[in-house]
Amino acid sequence: MPRPRSLMNAVLVFGDVAVPVKLHSATTSKDVRFNEVHLTDGAKIEHRRFCSEEDKEVPYAEVAMGYEIAEGKYAVLTKDQLAAATPHSDKTITVEEFVPADEIDPVFYDRGYYLGAAADGEAGYRLLHDALARTSRAGIAHFVFHDRERLAALRPHDGILLLHTLRFADELARLDELAPDDAGRAPTPKEVKMAEQLVESLHVDFDPGDYRDEHRAAVMKLIEAKAAGEEIQVPQVQEPEVADDLAAALQASLEAREHSARRRRGTAPKRQPAKRRG
Amino acid sequence: MPRAIWSGSLSFGLVNVPVQLVSAVRDRDVHFRQLHEKDGAPIETRRFCAKEDAEVSFEEIGRGFETDNGKQVILTDEELAAAAPRKSRTIDIEAFVDADDLDPLLLDHPYVLLPAGETDGVRRAYRLLADVLAGNDRLALGRFVLRAKEHLVAIGVRDGLLSLTTMRFPDEVRPAKDVDGSSRKKPTPAALKATVEVIEALSTDWDPARYEDQHRRRLLAAVKQAERTAEVPEEREERTPTAPADLMDTLKRSLSEAREKQKAGR
């Protein structure tokens, strides 16, 4: 894999210490990318702006931004006004405080970035890294990125500093408002025990190498088939059945696991993750 | 209640639970709509065929893929669905893993799974899986297809509800070793001790409610101002910190400042 391109050269500040760093994306999308095309002639689809009142195309220069304050009623900002409300990046990642790293629920993590040490910053970088590891703390920082202020958590990770942008608390759905009024009858101890056995039989050590995007490969196969002029069959899907008898379904699941485990033991020396049953 | 973005079946062994998927994140962003400046009418986006220069309806739009030799292959959404016929309706639990073994970089978007159906059978099967997952620090791993993309998902339990987090595939996480890390030179014990002290002095409990989205606040303020006047808000001053000449000195200064702050009872 090529060395990830730096997204931003920044200065990481904690207390009065400033450490020059580079921000890199920690993830990359490997989705198969498609363009919108016209089915009849394969030509590109263009998105054009139209005034809904005049039914005429509008150049971008004539576009203003509207914030809906009541239905159909907008507070209007020009693009310049909106730009003025957009923070200017001072390329500074300011650590405001430190918190115990394991107190941050991963549900707050938005996007992950790596911080790399920039020239002259190595000593300070290493110091912060080692001190965070020593104290099991995460730095909570503010910085401006992609035209907005972000909250971020900074942690040591595999010898480098990992930065996660954070969601704000009020962005998380209130789960108590989502819970069904009636949780249903409690499962019987026997059902719980069988379900626990099933969980146990499907337990594996997580090995990232075991998880590949099979769909990505299947889509590429489809593309190749279509390119070769083959007809794509669109299969019918059967809806799964909902079992009335929970205990019987659990019992049958356990027996199926037993059976496949016994069969596997004979052939495979190493424990493999469970294969999907389709 | 937030809108369900997917509904289908959660399959655990031979137990199938009908479920609905809702986002665990509420969109609190300040959204603007494009308007025609002249008359204030909303702008509509219309799709045009670049060749014919004519408007095209949704039904006439396909997905084009350009192969390495420059040839274009076109698939309809129906054909694309043929890549994973079952997985678009069912989340199959493949395995259970220890929650601690999952690198947080693999986590993408959090959702909540809700039981779909009022019957006792549905509610009880849902509750059984939630109870069992709550009892240990395990997550269920599965796969399903959402909007023509397969997702690896981790299913756990939060506040008695099944939570589902879409994951990136491990080959979508860049290796940390590709990044220039710290110097190989170990910091001196004195410098490390001073840094640890600065961290301790600036430490507090994690309280997410204390942080406010400044971007949202600022945009809403700009909206308010636009309602009142046509004045343009002033720009903020820029600040560029520089790397300190003497790290040890700076650490000492940081520490005394942090302690002052602490004493002042922040």
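Keep in mind the model is a prediction, meaning the values are calculated, not measured. (Residues numbered from 1 in each chain as written. Chains lettered and ligands numbered in written order. Predicted model: local features only at pLDDT ≥ 70, side-chain atom pairs only at ≥ 80, totals over all residues. Heavy atoms only, no water.)

### Things to note about the domain arrangement of chain B
Each domain of chain B was delimited in the assignment, giving domain 1 (6-27 + 84-172) and domain 2 (186-202 + 248-266). Of note, the centres of domain 1 of chain B and domain 2 of chain B, computed from C-alpha atoms alone, are 44 Å apart. (Domains from an automatic or database assignment.)

### Regarding the pairing of strand β6 (residues 61-66) of chain B
As defined by bridge partners, strand β3 (residues 35-38) of chain A adjoins β6 of chain B across 4 bridges and the pair is classed as antiparallel. Bridge pairing in β6 of chain B links asparagine 35 of chain A to glycine 64 of chain B. Summarising the sheet, β6 of chain B and strand β7 (residues 72-75) of chain B pair through 4 bridges and their orientation is antiparallel. Bridged to arginine 63 of chain B within β7 of chain B is leucine 75 of chain B. Counted between consecutive antiparallel strands, the loop separating β6 of chain B from β7 of chain B contains 5 residues, among which glycine 70 of chain B sits at a positive phi close to 80°. (Pairing = 2+ DSSP bridges. Helix = DSSP H or I, 4+ residues; strand = E, 2+ residues; numbered from the N terminus.)

### Points about the pattern of salt bridges
Two side chains bearing opposite charge may form a pair once their charged atoms approach each other closely. Taken as a whole and judged by the stated rule, the model has 39 salt bridges over all chains. Residue aspartate 55 of chain A is joined to arginine 46 of chain B by a salt bridge in which the shortest nitrogen-to-oxygen separation is 2.7 Å. Of this pair, aspartate 55 of chain A sits in the loop between β4 (45-51) and β5 (56-57) while arginine 46 of chain B is found in strand β4 (residues 43-49), placing the two residues in two different chains. Residue arginine 46 of chain B is classed as buried on the basis of its relative accessible area of 13%. For arginine 138 of chain B, the salt bridge is made with glutamate 200 of chain A, and the minimal N-O distance between the two is 3.1 Å. Taken together, the residues span two chains, with arginine 138 of chain B in strand β10 (residues 138-146) and glutamate 200 of chain A in helix α4 (residues 189-201). Overlapping salt bridges bring together Arg148 and Asp170 of chain A together with Arg28, Asp29, Asp213 and Arg216 of chain B as one network. (Salt bridge = Lys/Arg side-chain N within 4 Å of Asp/Glu carboxyl O. Buried < 20%, exposed > 50% of the residue type's maximum accessible area, 1.4 Å probe, protein only.)

### Quick notes on the packing of aromatic side chains
One pass over the full model with this rule turns up 10 aromatic pairs over all chains. Note on phenylalanine 108 of chain A and tryptophan 206 of chain B: the rings are 5.3 Å apart at their centroids and 85° apart in plane angle, and the pair reads as edge-to-face. With phenylalanine 108 of chain A in the loop between β8 (92-100) and β9 (109-117) and tryptophan 206 of chain B in the loop between α3 (189-201) and α4 (214-228), this residue pair bridges two chains. Aromatic pair phenylalanine 12 of chain B and phenylalanine 96 of chain B: ring centres 5.7 Å apart, planes at 80°, arrangement edge-to-face. Highlighted residues: phenylalanine 12 of chain B in strand β1 (residues 6-12) and phenylalanine 96 of chain B in strand β8 (residues 90-98), separated in sequence by 84 residues. (Phe/Tyr/Trp six-rings, centres within 6.5 Å; stacked < 30°, edge-to-face > 60°.)

### Details of the domain arrangement of chain A
Its domain assignment divides chain A into domain 1 (6-27 + 85-170) and domain 2 (186-203 + 246-268). A separation of 44 Å is found between the C-alpha centroids of domain 1 of chain A and domain 2 of chain A.

### Some words on the confidence of the model for chain B
Detailed reading of the predicted model is not advised wherever pLDDT is low. All names here are of chain B. Averaged over every residue, the pLDDT of chain B is 86; the share at 70 or more is 91%. Between residues 230-236, whose pLDDT stays under 50, and residues either more than four places distant or in other chains, the model counts 13 contacts. Across the assembled chains, the prediction reports ipTM 0.84 with pTM 0.84. (pLDDT = per-residue confidence, 0-100. Contact = heavy atoms within 4.5 Å.)

### Here we look at the interface of chain A and chain B
Many descriptions give the size of an interface as the accessible area lost when the pieces come together. Counting residues at the interface gives 174 residues for chain A and 171 residues for chain B. Contact between chain A and chain B buries roughly 16,300 Å² in total, counting both sides, with carbon and sulfur atoms accounting for 61%. The interface formed by chain A and chain B holds 21 salt bridges in total. The partner of arginine 47 of chain B in a salt bridge is glutamate 36 of chain A, with the nearest N and O atoms 3.2 Å apart. (Buried area = accessible area lost by both parts, 1.4 Å probe.)

### So, the sheet that holds strand β6 (residues 63-70) of chain A
Spatial strand order, β7(A)-β6(A)-β3(B): 3 strands in an open sheet with antiparallel pairing. Every other strand in the sheet has two partners, leaving β7 (73-77) of chain A together with β3 (33-36) of chain B as the edge strands with one partner each. Direction aside, the axes of adjacent strands within the sheet are offset by 50° on average. Examined bridge by bridge, β6 of chain A and β3 of chain B share 4 bridges and lie antiparallel to one another. Among the inter-strand pairings, valine 63 of chain A is bridged to a residue of β3 of chain B, identified as histidine 36 of chain B. Together, β6 and β7 of chain A form the strand contacts of α4 of chain B, whose direction differs from that of β7 of chain A by roughly 100°. (Axes fitted to C-alpha atoms, helices over the stretch in contact; angles between N-to-C directions.)

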